[in-house]
2 protein chains.
Amino acid sequence: MEQQPDANAQPSKKAAKKAEAKAKKEALKAQRAAERVASQVASVDLEDDPAKDNYGSVKTPTFSPDAEAVELRSLDESHDGKTVVVRAWLQNSRIQSAKMSFVELRKGGNWTIQGLVTATIQGTGAEAQVPSEGPVISRRMVKWIAGIHPESFVAVEAKVQKPIEPVKSCRISGLELHITKCFLLAPAPAMLGMTMAAASQPVVNFSDEEPKAADAEADAQKDAEHAASGGTPAASMLTHLDNIAMHKRAPVQQAIADIRIEVKKLFRSYLEARRFKEFEPPCLIGAASEGGANVFKLAYFGQDAFLAQSPQFYKQFEIAGGRERVFSIGPVFRAENSNTARHMTEFTGLDLEMEIQQDYTEVRATLEGVLLHILRELQVRCADEIEIVRSVYPSEPFLLPEPGKELRLTFAEAQQLLREEGPPEFRNVRDDEDMSTPQEKAVGAVVRAKYKTDFYVIDKFPETARPFYAKVDDSGATVGDGVRVTNAFDFFLRGQEILSGGQRINDPDELEERIRSKGVDPKSPGIKEYLGTFRQVGVPPHGGGGIGLDRVVAWFLALPSVHLTAGYPRTPKRLMP
Amino acid sequence: MEQQPDANAQPSKKAAKKAEAKAKKEALKAQRAAERVASQVASVDLEDDPAKDNYGSVKTPTFSPDAEAVELRSLDESHDGKTVVVRAWLQNSRIQSAKMSFVELRKGGNWTIQGLVTATIQGTGAEAQVPSEGPVISRRMVKWIAGIHPESFVAVEAKVQKPIEPVKSCRISGLELHITKCFLLAPAPAMLGMTMAAASQPVVNFSDEEPKAADAEADAQKDAEHAASGGTPAASMLTHLDNIAMHKRAPVQQAIADIRIEVKKLFRSYLEARRFKEFEPPCLIGAASEGGANVFKLAYFGQDAFLAQSPQFYKQFEIAGGRERVFSIGPVFRAENSNTARHMTEFTGLDLEMEIQQDYTEVRATLEGVLLHILRELQVRCADEIEIVRSVYPSEPFLLPEPGKELRLTFAEAQQLLREEGPPEFRNVRDDEDMSTPQEKAVGAVVRAKYKTDFYVIDKFPETARPFYAKVDDSGATVGDGVRVTNAFDFFLRGQEILSGGQRINDPDELEERIRSKGVDPKSPGIKEYLGTFRQVGVPPHGGGGIGLDRVVAWFLALPSVHLTAGYPRTPKRLMP
């Protein structure tokens, strides 16, 4: 599923150099042309232009009193014939003749509309004939507008009209703007670090290493091939991040960001309707209590502080504190030096924890409920956004189970499926050892083919594969070489894990025994306070789960990397911007 | 407003020692009594008790099939005469006679109800007469229930009935539970580190230093005085945090946590209704770009990382990225060694940023709008919770301005007010120098007396008092010795700052000039990328603000410290739990 540069494509060195040189030459040519226009724009002396009040680079533009300020997304046929003021990004412009220019304006993600400006002053210079009524538009103004750099922010006054033919290149195809005033509020430079066209292509490389010379050559070759086939050069993730504003302006990234927002909203509203209360676990903690290897450490007024790897202990403190059902949405941190499409050092966790009345399946059902709610509602509420993402990153539709037919396999059943129907290398997987990522993906493929679902649960993990707080199944059931199973589960989207959860131990003696059996000292910092809380007050039976927000968005959309779903992805090599 | 131990109260050493000794003796007595009951509970041999299936310490209790599981908060007259199952904290119990015990159950914050259990078996031992129908309750069961330690978690089956007289001590006064089964799901220990009574008293000391011997004596004296006057001993914040579950269970803390949730909800819903989009700024950043002094630094795979002091730059990147109107709710970090009632090293910021159409008053109006919405709605939606908080921390009602009569002073007007109507020590405050915290509080007092409001805005701060990104007023207005004023403001609750905001510079040349004039190198790490973004793409006019969530909750409720509003307050000395 991961989109990576084809490792087999070995361009000849000569071809690569040639392509690189050509690319450089073209870039230089484009830059010079842009600079030429820019200098023209800058050098326009507006003083003797009868249209001078209707355009230019100004901080506080003035418009006709009867012009209504509208957002592009709100424009509809009711505006036909009306004069409006629109603030937007100018994403394209071209001069048609000395008397007419076209522009393309964009706002609100991907709401685009065509604008045109036509000179109303006959002739030029001393012989110019200014119209006695109606808009005053000079040829200089027409030319000036055509010279505005793409991605500048403008405010235009315009009459809304229906075009003769629908403007296919714009989302608002049934209306166009006949521009009468145009002010440049924030100019873009002549050369963008990444054009909107490039920003709207799939990212070609997610490595956060600076490219080596050989890779740069390969990239140049790739770009040249792409350009030769009529395509637009695409950019690496590094280039996207170095041009963060352009990265964000691309409709595909706007759509991903909007889908991300909706996932959080759906998570929150589903839980609030079921009496869950939000809380904020701390990021700064006094002990690396869940294992010290992957935790960030910092100096803190003469002691050490650590960044929380999960809100696990704090969710349980909330339960001990009588909060009954809680959830949190916030950052968690992993100091893993993993440069993969699945990892970031900072990501957003969607967590919940709840008292159990009868047994742990209440927790599993709540988590299944919230995830199915999210996955189903996304397809309804974000249909447009999903389509935009698919137009850049094509993917198979996400297969959801029919209501009441959710798929739940035990860990042992999943391993059996893998042995019997998976690829040959997994013929000998064991029921008492944790799954690897390739195994998980293989299970996902078998499940999709057999059960027609991209969402499923693997339950009853062996205790060897779970942390000390996982509750062992009271029935005494075992797998493999007598390993006990737990009331703990993982959830999967398209064969990739997005949630871990289960029942937690609430009996302090049982908890201490499990802490010891995992080789942890019950008196070590953090553990002592954690275990102590269970002894201090008595804690009712409870369970919960943690969802990786970035992964839910990425795998639902079948994106090549979680780095596309975070606003500012953090990787071991990258902390900017 | 800050509630602190009275520094003038110097107890005699002798009195303190006496009080301490007495307190120790009483604690020991209580512990022995509790242990006695506990050993009785543990030693009960249920085998020969005809009621043995109806009580005890069990993991999976069984109830009558027709008993409905209900939450205390949902109990009403419609349940009268019905059999229900209730899971709750047992907060009190007492034996009335050999045949009858009373308990007080609590759930859902402060929903309390009285339960009673009456023996139905006549006689004891071999002569016991078990009733042929109805509940089977032995005297041993009655005694066992009375011996359950306070704050244990129990599940009871009971018949709901109206009491002869309303039970004044319980929130659900019109119903009581006639218990027929009682199971102990999670026992509390015989001695709690902090009782519910103590947890429900105002916190007496917010210092995060371990108490010195002298202070401990003073505390003992204070406690003794308190007890002598019929009151309950109160605890320090350290004791509260060492007993985090009891701290959280106290109704006052539940109410504060619920009000905090509502503030976040109101902030979010108000903004979402106005097309603001949530985003997540990173916590880990690559440069201490807003000034290095108060920033936490950590080792990050061979480079340095820092914890974000605010989402300022990232909010602006969102605007540059065409997101138009954004907000964020998340943690921010300050490495300030400040041990005050206003400071924490980690707190929650409510931030927003928006494009400006005409001028910066749009931003000010949006921020005023969202805060007034929060403050007004809290009084409606959280009336019960506010009452609970006031019963522990008494306060004057919060005075809100009438709609349309919001108070906005310029910085110069506020300073003039302080000179003319404030305390004598502020007779000479200047219009071109920032206010101190005591000055702010003094302004708050004058404003409350004069304008009858606890919420107001101070606008047009001098540029000397604002960071480099604050936009200077284009009119050229100055104060004091020719210092220019900015389009930047602070908001205040009860004389304490809770928000900073204003218009940001969007012109890269203007921004660079201001960065330089503040003595910052425009090429320094972080600043370079920040400034670069404005040059890279063009950014429309915009502004925003940041609100301290903890302060809004604390000062709205007139609490003595923000440490009471955070789930897990972080101070320079304290990272546990």
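Residues numbered from 1 in each chain as written. Chains lettered and ligands numbered in written order. Predicted model: local features only at pLDDT ≥ 70, side-chain atom pairs only at ≥ 80, totals over all residues. Heavy atoms only, no water.

A. Fine view of the relation of the copies chain B and chain A. Least-squares fitting of chain B to chain A yields an RMSD of 0.0 Å, with the superposition described by an axial translation of 0.0 Å and a rotation of 180°. Considering both components of the superposition, the chain copies are consistent with a two-fold axis. For chain B, the smallest separation between a C-alpha atom and the rotation axis is recorded for L298 of chain B, amounting to 2.4 Å. Both copies present the same face, since 100% of the interface residues in chain B are matched by interface residues at the equivalent positions in chain A. (Least-squares fit on C-alpha atoms with pLDDT ≥ 70 in both. Contact = heavy atoms within 4.5 Å.)

B. Summary view of helix α7 (residues 251-272) of chain A. With 22 residues, α7 of chain A extends 31 Å from end C-alpha to end C-alpha; this agrees with the ideal 32 Å at 1.5 Å per step. Of all the 22 residues making up α7 of chain A, 17 are buried; the element is thus mostly covered by neighbouring parts of the structure. (Helix = DSSP H or I, 4+ residues; strand = E, 2+ residues; numbered from the N terminus. Expected span 1.5 Å × (residues − 1). Buried < 20%, exposed > 50% of the residue type's maximum accessible area, 1.4 Å probe, protein only.)

C. Representation of the packing of helix α8 (residues 312-320) of chain A against helix α14 (residues 527-537) of chain A. All names here are of chain A. With their axes 10 Å apart at the nearest point, α8 and α14 run at an angle of 25° to one another. Relative to α14, α8 is oriented roughly parallel. The way α8 lies across α14 gives a crossing that is left-handed. For the pair α8 and α14, the contacting residues are F313, Q316, F317 and A320 in the first and I527, E529, Y530, T533 and F534 in the second. (Axes fitted to C-alpha atoms, helices over the stretch in contact; angles between N-to-C directions. Parallel < 35°, antiparallel > 145°, perpendicular 65-115°, else oblique. Left-handed = near helix turned anticlockwise from the far one by under 90°.)

D. Focus on the nonpolar core. Ranked by internal contacts, the top residues of the largest apolar core, which has 92 residues, are I259, V263, F267, F491, L493 and L557 of chain A. Element by element, the count of residues in this core is highest for α7 of chain A, at nine residues. Those residues in contact with V263 of chain A that sit more than four places away from it in its chain are L350, I374, L378, L549, V552 and V553 of chain A. Formed by 90 residues, the second largest nonpolar core is a distinct cluster that contains I319 of chain A together with A198, L241 and F489 of chain B. (Core = buried A, V, L, I, M, F, W, Y, C linked by side-chain atoms within 4.5 Å.)

E. Local environment of the interface of chain B and chain A. Tallying the contact residues gives 96 residues for chain B and 96 residues for chain A. Carbon and sulfur atoms make up 52% of the area that chain B and chain A hide from each other, which totals about 7700 Å². On the chain B side of the contact with chain A, E280, F301 and L575 of chain B bury the most area, a combined 9% of that side's loss. Inspection of the chain B/chain A interface yields 24 salt bridges. Here E278 of chain B makes a salt bridge to K264 of chain A, at a shortest N to O gap of 3.5 Å. Seen at the junction of chain B and chain A, the total is 58 residue pairs in polar contact (both at pLDDT 80 or more). No other element matches the nine residues that helix α7 (residues 251-272) of chain B contributes to the side of chain B that touches chain A. Here the side of chain B that touches chain A is built from residues that sort into 45 nonpolar, 18 polar and 33 charged. (Buried area = accessible area lost by both parts, 1.4 Å probe. Salt bridge = Lys/Arg side-chain N within 4 Å of Asp/Glu carboxyl O. Polar contact = N/O pair within 3.5 Å; in protein donor to acceptor, adjacent residues only side chain to side chain. Nonpolar A, V, L, I, M, F, W, Y, C, P; charged D, E, K, R; others polar.)

F. Examining the sheet that holds strand β8 (residues 277-278) of chain A more closely. Residue and element names in this part refer to chain A. Taking strand neighbours across the sheet as the criterion, the eight strands line up as β8-β12-β13-β20-β19-β18-β15-β14 in an open arrangement whose pairing is mixed. Of all strands in the sheet, those bounded by a partner on one side alone are β8 and β14 (407-410). Of the strand pairs in this sheet, β14 and strand β15 (residues 455-459) are connected by four bridges, and their pairing is parallel. Residue R408 lies in a different strand from β15, and its bridge partner there is V457. Sheet strands touched by α8: β12 (325-333), β13 (346-355), β19 (496-504) and β20 (542-548). Its angle to β13, the strand with the most contacts, is close to 30°. (Pairing = 2+ DSSP bridges.)

G. Focus on helix α10 (residues 383-392) of chain A. All names here are of chain A. Of the positions making up α10, those classed as buried are I386, I388, V389 and V392. Buried residues in α10, looked at end-on, bunch into an arc of 160°, giving them a common side. Residues of α10 that are exposed and point over 90 degrees away from its buried face: E387 and S391. Check the buried side of α10 and you find it contacts α7, α9 (361-381) and α15 (549-556). (Arc of directions from axis to C-beta.)

H. The pairing of strand β18 (residues 488-493) of chain A, seen in detail. All names here are of chain A. In terms of burial, β18 is largely enclosed, as six of its six residues are buried. Neither face of β18 is exposed, since A488, D490 and F492 on one face and F489, F491 and L493 on the opposite face are all buried. Pairing of β15 with β18, which is carried by four bridges, proceeds in the antiparallel orientation. In the strand pairing of β18, I458 is matched with D490. Sheet topology places β18 next to β19; six bridges connect them, and they run antiparallel. Bridged to F489 within β19 is G501.

I. Expanded view of the sheet that holds strand β15 (residues 455-459) of chain B. Residue and element names in this part refer to chain B. The eight strands are arranged β8-β12-β13-β20-β19-β18-β15-β14 in an open sheet whose pairing can be described as mixed. Of all the strands in the sheet, just β8 (277-278) and β14 (407-410) have a single pairing partner and so form its edges. Helix α8 (residues 312-320) rests against β12 (325-333), β13 (346-355), β19 (496-504) and β20 (542-548) of the sheet, and its axis sits at about 30° to β13.

J. Region of the structure containing the packing of aromatic side chains. Enumeration over the complete set of coordinates arrives at 44 aromatic pairs over all chains. With a centroid separation of 5.9 Å and an interplanar angle of 85°, the aromatic rings of F267 of chain A and F327 of chain A are classed as edge-to-face. One end of the pair, F267 of chain A, is in helix α7; the other, F327 of chain A, is in strand β12, with 60 residues separating them in the sequence. A relative accessible area of 0% means that F327 of chain A is categorised as buried. Each member of the aromatic cluster is reached from another via a ring pair, and the members are F313, Y314, F317, F468, Y469, Y530 and F534 of chain A together with Y568 of chain B. For R274 of chain A, the ring lying beneath its charged end belongs to Y270 of chain A, and the centroid distance is 3.6 Å. (Phe/Tyr/Trp six-rings, centres within 6.5 Å; stacked < 30°, edge-to-face > 60°. Lys NZ or Arg CZ within 6 Å of the ring centre and 35° of its normal.)

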